[in-house]
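Commentary on secondary and tertiary structure
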Amino acid sequence: MVTIRKVEIAEADTLLAYSKKTFYEFFAHLNDPVHMEAYASVAFTPQCIMDQLTNLDSEFYFALYEGDIVGYLKLNFKDTQNEYKDKNALEIERIYVSGEHHGKRIGKQLLDFALDIARDKQFDYVWLGVWEHNYKAMGFYERNGFELCGSHEFLLGEDRQTDLLMKKVCYS
Ligand SMILES: CC(C)(COP(=O)(O)OP(=O)(O)OC[C@H]1O[C@@H](n2cnc3c(N)ncnc32)[C@H](O)[C@@H]1OP(=O)(O)O)[C@@H](O)C(=O)NCCC(=O)NCCS
């Protein structure tokens, strides 16, 4: 059975290693290594991870199966959201499942977990940004009730990419 639990501050090193590993696993073959490295050298540092873990308006969760980390989730609230910054909205900034566990409904469990948090807080909607070329993730979000609602720029190193924004109303 998969369990989902909050990442503790003491697990910063584990979170850093897992988040960097999965970022390379899914995006290295689709991007210029120079841009990957430039992004990673800022986003996946001990200081950056610690800043995010100690931010009261961000939360990280691990999905665990038989004691192993098989996925993770990053949620942003209030002004920490990358767009909208609506106090009645929740951003899913990251949702990753290790490749060997894809298709086992772990992603859906993480997504439902985020939706439950938003509903408990009586938020209006959950939203996220997804790289316009990440067709697999877009299919997953559409299958789970998310709809396109805009776009914004995402800077991978010096590569200006377009993220499509998708949202799901909490009580639809
Ligand atoms: C996107 C991701 C989290 C999905 O996780 P997953 O565990 O493989 O997906 P699930 O098994 O939970 O799928 C849940 C449902 O969505 C459907 N689904 C999954 N991928 C799909 C796709 N590409 N297109 C259509 N439906 C899809 C499944 O069939 C399943 O449907 P069901 O409810 O009828 O059974 C996973 O593929 C991933 O980690 N990708 C790499 C990282 C990434 O791109 N993250 C998103 C960044 S924005």
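These numbers were taken from a predicted model, which means no experiment stands behind them.

All right, on to the overall build of the chain then. For the chain, the count of helices and strands is five helices and seven strands. Reading the secondary structure of the chain in the N-to-C direction produces β-α-α-α-β-β-β-α-β-α-β-β. Since a compact globule built from 172 residues should have a radius of gyration of about 16 Å, the 15 Å found for the chain is in line with a globular shape. Across its three principal axes, the chain shows a C-alpha extent of roughly 40 × 35 × 30 Å. Counting all 172 residues of the chain, 45% fall into the buried class. Once local pairs closer than 6 in sequence are excluded, the contacts in the chain between residues at least 24 apart make up 62%.

Bringing the site of the ligand into the picture now. Around the ligand sit 22 residues, and of these Val97, Arg105, Lys108, Asn134 and Arg143 come closest. Measuring from an oxygen atom of the ligand, one finds a backbone N or O atom of Val97 at 2.8 Å. A distance of 2.4 Å is found between an oxygen atom of the ligand and a side-chain nitrogen or oxygen belonging to Arg105. Within the complex, the protein chains bury 78% of what would otherwise be the 950 Å² of accessible surface of the ligand. Broken down by secondary-structure element, the contributors of at least two residues to the shell around the ligand are α1 (12-27), β4 (89-97), α4 (106-120), β5 (125-131) and α5 (135-143).

With that settled, consider the side chain of Gln161. Within the secondary structure, Gln161 sits in strand β7 (residues 159-169). A distance of 3.3 Å separates a polar atom in the side chain of Gln161 from a polar atom in the side chain of Trp131. Not counting chain neighbours up to four residues away, the residues in contact with Gln161 comprise Asn31, Trp131, His152, Glu153, Phe154 and Leu156.

Two cysteines form a disulfide when their sulfur atoms are joined by a covalent bond. A full pass over the atoms with the stated rule returns zero disulfides. Of all cysteine sulfurs, the one in Cys170 lies closest to Cys149, which takes part in no disulfide; the gap is 13 Å. With relative accessibility at 32%, the residue Cys149 sits in the partly exposed group.

Each value, and the rule that gives it
- Residues numbered from 1 in each chain as written.
- Predicted model: local features only at pLDDT ≥ 70, side-chain atom pairs only at ≥ 80, totals over all residues.
- Heavy atoms only, no water.
- Helix = DSSP H or I, 4+ residues; strand = E, 2+ residues; numbered from the N terminus.
- Rg over C-alpha atoms; globule rule 2.2 N^0.38 Å.
- Buried < 20%, exposed > 50% of the residue type's maximum accessible area, 1.4 Å probe, protein only.
- Contact = heavy atoms within 4.5 Å.
- Near = heavy atom within 4 Å.
- Polar contact = N/O pair within 3.5 Å; in protein donor to acceptor, adjacent residues only side chain to side chain.
- Areas by Shrake-Rupley, 256 points an atom, 1.4 Å probe, with all protein chains shown as cover.
- Disulfide = S-S within 2.5 Å.

In short, geometric facts, not functional conclusions.
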